[in-house]
Amino acid sequence: MALPPWKKVLVVDLGFLGDTIHSIPALRALAQSGAQVDVVTTTVGGETLALVPEIHQIWKIHLQKPSPPFWKSFSQLRSLRREKYDAAITWVGSERNFFYVGWSGARHRIARITGKSSWLARLGLTQRVDGTDRAAPVFEQRLEFLRKLGWSGNDPGWSFKNPSLEQFKNKRLAKKPYLHLSVNAASTPLNEWPLDDWAEVLQQIWKKEPNLEVLATGAGSERERARLSDLAALVRDDRFKAILERVPIDFLASVLQEAELHLGLDSGVLHLAMALGKPTVAIFRDSVGRPGWAPRGSKHRVLLRDCACNQTGNISCEGGRALCLSKITPQEVAESTLALLSRSHQS
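Just so you know, these numbers come straight off a predicted model, no measurement behind them.

### Thoughts on the sheet that holds strand β12 (residues 300-305)
With parallel pairing, the six strands of this open sheet are ordered in space as β9-β8-β7-β10-β11-β12. Each having just a single partner strand, β9 (240-242) and β12 make up the two edges of the open sheet. Taken pair by pair, the neighbouring strands of this sheet meet at an average axis angle of 20 degrees, ignoring direction. Relative to β12, strand β11 (residues 280-285) runs parallel, the two sharing six bridges. Note on β12: the bridge partner recorded for Phe 284 is Leu 304. Of the strands in this sheet, β7 (178-181), β8 (213-216), β9, β10 (261-265) and β11 are in contact with helix α8 (residues 195-208), which crosses β10 at around 155 degrees. Along the sheet, helix α9 (residues 222-235) makes contact with β7, β8 and β9, crossing β9 at roughly 165 degrees.

Written out as structure tokens, the structure is:
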């Protein structure tokens, strides 16, 4: 059994960096089946997909908090309808994704249903695909969506074409070997770890790896810039380099590609590092969807603590600090990082 003989497919995937990364194997599988693949995505999703040669056209939507009213998208929807897609699909079960698929004008309008949604949002759909195993990696969940539509190929994985890599090498922002550090979480401060603990981790790493430099990046918001500046003040070491302004996705991919290892939080940068094949060490709060998002395999270390908020359904932390993450010690993080660095040196 194979996918229908679609010539033009629109994928609606209004996620941010991590979501987009996990969609890439399924997008590549669609393209390799012979279809022209266009994607409706967010601004950062568009930056990311610009590195994937198989994507034909990217339709960007600037999402923010609060999200803009749906009627502001009507002009773009009219343009989409003129494309006359054979199929429009979404594997992300949110109402805005459903609206775009349902109003796309495509002959086949297919969505993955994962939870509650209004009848109005589902009105334009011609086919629904029930939710998949949330314990599976998210990228595998999206490939499973295609399997339910008839696809039977092999996972194509990730492949990027990044013209900025040589430009980054010429900038020489950090001497090799270096590790990439990400201490900020754009989604919620509850995913972040105290800066004092990060400073202690770096000191412990440098005792064993004195020649290792650290290059830290962020999204450029005022809060993230302040956290990176505060960390630099705590560390007071020339081996620590911080880029305070927002780093474009192609440049961030170059930073990660040249790094020995990525160290950080449950954030989109982690998933980009994983997709690039880099070793990672990440600090996670437990959650219902966590098994799908945490990297797997011998190249990755996930440091996790049970989260009372996840167990009760109520956020009990105060001051924007996660109590569960505070139970992870700098020694654990440093030891995990040094273990992966040692393996990297041996290979």
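### Things to note about the packing of helix α1 (residues 17-32) against helix α11 (residues 268-275)
Here α1 crosses α11 at 25 degrees, and the two axes come no closer than 7 Å. Classified by the interaxial angle, the pair formed by α1 and α11 is roughly parallel. Crossing angle aside, the handedness with which α1 passes α11 is left-handed. Across the interface between the two elements, Leu 17, Gly 18, Ile 21 and His 22 of α1 pack against Gly 268, Val 269, His 271, Leu 272, Met 274 and Ala 275 of α11. For the contact of α1 with α11, a count of residues per class yields six nonpolar, four polar and no charged.

### Description of the nonpolar core
Membership of the largest hydrophobic core comes to 50 residues, with the highest contact counts inside it found for Val 11, Ile 89, Trp 91 and Leu 146. In terms of residue count, α1 provides more of this core than any other element does, eight residues in total. Among all residues touching Val 11, those that are not within four sequence positions of it are Leu 27, Leu 30, Val 37, Asp 38, Val 39, Val 40, Ile 89 and Trp 91.

### Looking at the environment of Trp 91
Along the chain, the position of Trp 91 falls in the loop between β4 (87-90) and α4 (95-102). Sequence-distant contacts of Trp 91, that is, excluding residues within four places in its chain, are made with Val 11, Asp 13, Ser 23, Ala 26, Leu 27, Arg 112, Arg 142, Phe 145 and Leu 146. Of the polar contacts made by the side chain of Trp 91, one reaches the side chain of Ser 23; its length is 3.0 Å.

### As for the sheet that holds strand β3 (residues 55-61)
Strand order in the open sheet formed by six strands is β3-β2-β1-β4-β5-β6, with parallel pairing between adjacent strands. Either end of the sheet is taken by a strand with one partner, and the two such strands are β3 and β6 (127-130). This sheet shows a mean twist of 20 degrees between the axes of neighbouring strands, independent of strand direction. As paired strands, strand β1 (residues 8-12) and β4 are joined by three bridges and run parallel to one another.

About the criteria used
What you see as residue numbers is a count from 1 along each chain, following the sequence as written. For a predicted model such as this one, the threshold for reporting local features is a pLDDT of at least 70, and the threshold for listing and counting side-chain atom pairs is 80 or more; totals across whole chains, interfaces and linings nevertheless cover every residue. The basis for every side-chain value is the complete set of heavy atoms in the structure, and neither hydrogens nor water enter the calculation. Note on pairing: DSSP must find at least two bridges between two strands before they are called paired. The numbering of helices and of strands both runs from the N terminus, where a helix is a DSSP run of H or I of at least 4 residues and a strand a run of E of at least 2. Axes here refer to lines fitted to C-alpha atoms; in helices the fit is confined to the stretch in contact. Angles between the N-to-C directions go from 0 to 180 degrees. Contacts: residue pairs with any heavy atoms within 4.5 Å of one another. In what follows, roughly perpendicular refers to angles from 65 to 115 degrees, roughly parallel to angles under 35, roughly antiparallel to angles over 145, and oblique to any angle outside these ranges. If you view the pair so one helix is near and one far, a crossing is left-handed when the near helix is turned anticlockwise from the far one by less than a right angle, and right-handed when it is turned clockwise. Under the grouping applied here, Gly and all other residues not named as nonpolar or charged are polar, the nonpolar ones being Ala, Val, Leu, Ile, Met, Phe, Trp, Tyr, Cys and Pro and the charged ones Asp, Glu, Lys and Arg. Only buried Ala, Val, Leu, Ile, Met, Phe, Trp, Tyr and Cys residues count toward a nonpolar core, and they belong to the same one when joined by side-chain atoms within 4.5 Å. Relative accessibility under 20% of the residue-type maximum defines a buried residue, over 50% an exposed one, and the middle range a partly exposed one, all with a 1.4 Å probe and only protein chains included. Identification of polar contacts relies on pairs of N or O atoms within 3.5 Å, with a donor-acceptor requirement for protein atoms, meaning one able to donate a hydrogen and the other able to accept it, and with residues adjacent in sequence counted only if both atoms are side-chain atoms.

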